[in-house]
Amino acid sequence: MSGKTHKRIDDLIRLIKEMNTLHRELAAVVEVKLAAMKKADMDGMRVQASREHDLVGRISEREGFRRQIMEAIGGAMGITAKTARVMTVSQLAKRVGGKDGPVLLRVASELKESMARVARINRLAGAISLNVLGHLQAVFGAVASCGTKQVGYSGSGKMVNVRDRRLIETVG
């Protein structure tokens, strides 16, 4: 392996470590956002959502750099750019071998753990959000129908009251 390829592999290792740090930061931000959700702290949720958006943008940017580095490493190893871009780190580690292979596997495993943590926290945030939305729809539905006679269901399955039906009959 040439010195230039070794340098690119070192760059890839540093980049994966940086992506791991960004994912750990993202997990922490989403956890703070969850705490804000539980307290109905709108300002806190807004701040954390902004931080989350910035981190996701940085992670996406780094993923682009990862693809570029993989293309460069693949090119030096005689692999097409398309193949190298989608090659997993474990596949690269097998080809690289030596002392760099195990290091690549270790940093990739750490990144995988961080990404899995973010996914778990995001699933929880999504479930909480769906529950809150369902609750709000029920509350607003009850308030909107208060004092009116229900006559049926709309095409979307929502109850339609007399006032809504007249509007539809009027405008077609």
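Position numbers for residues count from 1 along each chain, tracking the sequence in the order it is written. Per-residue local features of the predicted model are confined to residues with pLDDT of at least 70, and side-chain atom pairs are confined, for both listing and counting, to 80 or more; whole-chain, interface and lining totals are unaffected and use all residues. Side-chain figures throughout are based on the complete set of non-hydrogen atoms in the structure, without hydrogens or water.

Enquirer: Please clarify how unusual backbone geometry should be interpreted in this entry.
Expert: Across the chain, the bulk of peptide bonds are trans and the bulk of non-glycine residues have phi less than zero. Notably, A40 is not glycine yet its phi reads approximately 55 degrees, a positive angle. Note that A40 resides in the loop between α1 (3–38) and α2 (42–76). Throughout, exposure labels follow a simple rule: accessible area from a 1.4 Å probe, protein chains only, divided by the maximum for the residue type, with under 20% read as buried, over 50% as exposed, and the rest as partly exposed. By relative accessible area, which is 57% here, A40 ends up exposed. Secondary structure counts use DSSP, requiring at least four H or I residues in a row for a helix and at least two E residues in a row for a strand, with both numbered from the N terminus.

Enquirer: Mind showing me how you'd approach helix α4 (residues 89–96) here?
Expert: Because an α-helix completes one turn every 3.6 residues, residues spaced three or four positions apart along the sequence face the same direction. Taken as a whole, α4 has its buried residues at V89, L92, A93 and V96. The arc that holds the buried residues of α4, viewed along the axis, is 100 degrees, so those residues lie on one side. Exposed residues pointing more than 90 degrees away from the buried face of α4 are listed as K94 and R95. Just downstream of α4, G97 is the residue with a positive phi angle, here 60 degrees. Arc definition: it is the arc formed by the directions from the helix axis to the C-beta atoms.

Enquirer: Please explain the layout of surface pockets as it appears in this structure.
Expert: Where empty space is left can be seen by rolling a probe of water-molecule size over the atoms. By volume, the largest pocket amounts to about 300 Å³. Cavities and pockets were defined on a 1 Å grid built from protein atoms only: a cavity is a group of points that admits a 1.4 Å probe but offers it no way out, a pocket is an open group of points flanked by protein on both sides within 12 Å along at least five of seven lines, and a lining residue is one with an atom within 4 Å of any such point. In terms of lining residues, the largest pocket is bounded by 15 residues, among which R66, T88, V89, A108 and L111 are the most central. Elements supplying a minimum of two residues to the lining of the largest pocket: α1, α2, α4 and α5 (100–145). At 6 residues, α5 tops the list of elements feeding residues into the lining of the largest pocket. Under the convention adopted here, Pro, Cys and the residues Ala, Val, Leu, Ile, Met, Phe, Trp and Tyr are nonpolar, Asp, Glu, Lys and Arg are charged, and Gly plus all remaining residues are polar. Residues that form the lining of the largest pocket fall into these classes: 9 nonpolar, 3 polar and 3 charged. Grid points are joined across faces, edges and corners, and a volume is the space filled by probe spheres set on the points.

Enquirer: Just to check I follow, could you spell out the packing of α1 against α2 for this structure?
Expert: Think of two packed helices as two axes; the pair is described by the angle between the axes and how far apart they sit. Axis separation between α1 and α2 bottoms out at 9 Å; the angle between their running directions is 165 degrees. Relative to α2, the element α1 is oriented roughly antiparallel. Viewed along their axes, α1 and α2 form a crossing whose handedness is left-handed. For every element, the axis is a line fit to its C-alpha atoms; helices are fit only across the contacting stretch, and the angle between N-to-C directions ranges from 0 to 180 degrees. By the definition adopted for this analysis, an angle is roughly parallel if under 35 degrees, roughly antiparallel if over 145, roughly perpendicular if from 65 to 115, and oblique otherwise. Each crossing gets its hand from how the near helix is turned against the far one by less than a right angle, where anticlockwise is left-handed and clockwise is right-handed.

Enquirer: How do you make sense of the pattern of salt bridges when you look at a structure like this?
Expert: For side chains bearing opposite charge, pairing can occur when the charged atoms are close. When a carboxyl oxygen of Asp or Glu lies within 4 Å of a side-chain nitrogen of Lys or Arg, that pair is called a salt bridge. Tallying each qualifying case throughout the model produces 12 salt bridges. The partner of D43 in a salt bridge is R46, with the nearest N and O atoms 2.9 Å apart. You can see D43 and its partner R46 sitting in helix α2, 3 residues apart, about one turn around the helix. Of the two residues examined, D43 and R46, each falls in the exposed class. Taking the shortest distance from any N to any O, the salt bridge between E110 and R106 comes out at 3.4 Å. Here E110 and its partner R106 are both found in helix α5, 4 residues apart, which amounts to about one turn of the helix. Overall, the relative accessible area of 41% leaves R106 in the partly exposed class.

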